[in-house]
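Structural description and commentary
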Amino acid sequence: RPRLSLTAPSNLPILRAMLEPARIMVTGGAGFLGSHLCERLIASGHEVLCVDNFYTGRRRNVQSLLSNPNFEIMRHDVTVPLFVEVDQIYNLACPASPVHYQFDPVQTTKTSVHGAINMLGLAKRVKAKILQASTSEVYGDPSVHPQTEDYWGNVNPIGVRSCYDEGKRCAETLFFDYWRQHKLRIKVARIFNTFGPRMHPNDGRVVSNFILQALRGEDITLYGDGEQTRSFCYVDDLVEGFLRLMATGDEVTGPINLGNPHESTIKELASLIIDMTGAKSKLIHKRLPEDDPRQRQPDITLARKALGWEPKTELKVGLSRTIAYFDQLMSEEPAA
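Keep in mind the model is a prediction, meaning the values are calculated, not measured. Along each chain, residue indices are assigned from 1 in the same order as the chain's sequence is written. Note on the predicted model: pLDDT of at least 70 is required for a residue's local features to be given, and 80 or more for side-chain atom pairs to be given and counted; whole-chain, interface and lining totals, by contrast, use all residues. Only hydrogens and water are set aside; all other atoms, that is, all heavy atoms of the structure, feed into the side-chain values.

**Quick notes on the environment of Asp236**
Residue position: Asp236 is located in helix 7 (residues 235–246). Each residue is placed in one exposure class: buried if its accessible area under a 1.4 Å probe, protein chains only, is under 20% of its type's maximum, exposed if it is over 50%, and partly exposed if it falls in between. The class of Asp236 is buried, set by a relative accessible area of 11%. Helix numbering and strand numbering both begin at the N terminus, where a helix is a DSSP run of H or I of at least 4 residues and a strand a DSSP run of E of at least 2.

**As for the sheet that holds strand 6 (residues 186–191)**
DSSP calls a pair of strands paired once it identifies at least 2 bridges connecting them. Strands sit in the order 3-2-1-4-5-6-11 across an open sheet of 7 strands; the sheet is parallel. Pairing within the sheet leaves two strands with one partner each, and these edge strands are strand 3 (71–75) and strand 11 (256–258). Sheet twist, expressed as the mean angle between neighbouring strand axes with direction ignored, is 20°. As judged from the 5 bridges shared by strand 1 (residues 23–27) and strand 2 (residues 47–52), these two strands associate in the parallel manner. Here an angle of 0 to 180 degrees is reported between the N-to-C directions of two axes, which are lines fitted to C-alpha atoms, with helices fitted over the stretch in contact.

**Brief notes about the packing of aromatic side chains**
Two rings from Phe, Tyr or Trp (for Trp, the six-membered ring) form a pair when their centres sit within 6.5 Å of each other. Planes less than 30 degrees apart are called stacked, planes more than 60 degrees apart edge-to-face, and all others tilted. Tallied over the full model, the rule gives 6 aromatic pairs. With centroids separated by 6.0 Å and ring planes inclined at 20°, the aromatic side chains of Tyr139 and Tyr151 adopt a geometry described as stacked. Note that Tyr139 is positioned in the loop between strand 5 (129–135) and helix 5 (162–182) and Tyr151 in the loop between strand 5 and helix 5, a separation of 12 residues in sequence. The class for Tyr151 is buried, based on a relative accessible area of 12%. Seen in terms of ring centroids, Tyr139 and Phe192 are 6.0 Å apart; in terms of plane orientation they differ by 40°. Their pairing is tilted. Note that Tyr139 is positioned in the loop between strand 5 and helix 5 and Phe192 in the loop between strand 6 and strand 7 (194–195), a separation of 53 residues in sequence. For Tyr139, a relative accessible area of 0% translates into the label buried.

What follows is the structure, encoded as structure tokens:
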């Protein structure tokens, strides 16, 4: 796993803050990102309360933590207020793939907006530091490339993706209004495409789709011409960014882009996965979904400066670990 450099003076205050034991709540803690974050927090000596309604999160993601005395799991929906005593809150609760967030778009918006209100209210009552897992989707289909944090975005407010895009944008608004009005200690991370073990196999995201199709010997489905670009960050690197952001002083609020600035076309990703799995899959083109962005690449200048952070895991290394995870998952499926 990535580690902070002890020789870099700018990292020392962050390192000290990361090592101070705390009571920490992670909403969406049984999900893909949340489970990796819970593991890292437990390994660092913190007490962790994992809150999840299990809409997309799964108990197996945190199975290894269930016997740990510093870990507690609670089935709860963040659209309902929660009363607990914690020092820090990581608000990750929300379905993050189009397949899942478009299934019940009204609930998706409620999760982002009502969930933010409830978690901010809790943070205010118990004087906790709170981090919002925002998204690169706030930039929409960007007309600025790469995307910097001061870009306001190009978002369709009435499209099929709006429940997620606008819900996350409204959550950011709430965070900064609580910061201005109530002096709340907030952190806002804008997450770009992230992948790794424990991705939901049916989330419809490009990495999991391509890997599963290749492992099953199916043709690889490309939407559009495959020339649209994404930037893929491995999950361990992203979690490191979360921890560093939470450990910063009150002068750092974000929003801060967290993602890999190396850009790849979807077609290049498909070809790489075919090569790594040894699949005989062909590339099949289908119509591009509505409001699907053509380009997505983070400018991480601010993350480098404020957090001393940048991704360390090469794409092929991360894909190898993710392919191994899905291969194991498929081997556990009952025979038809």
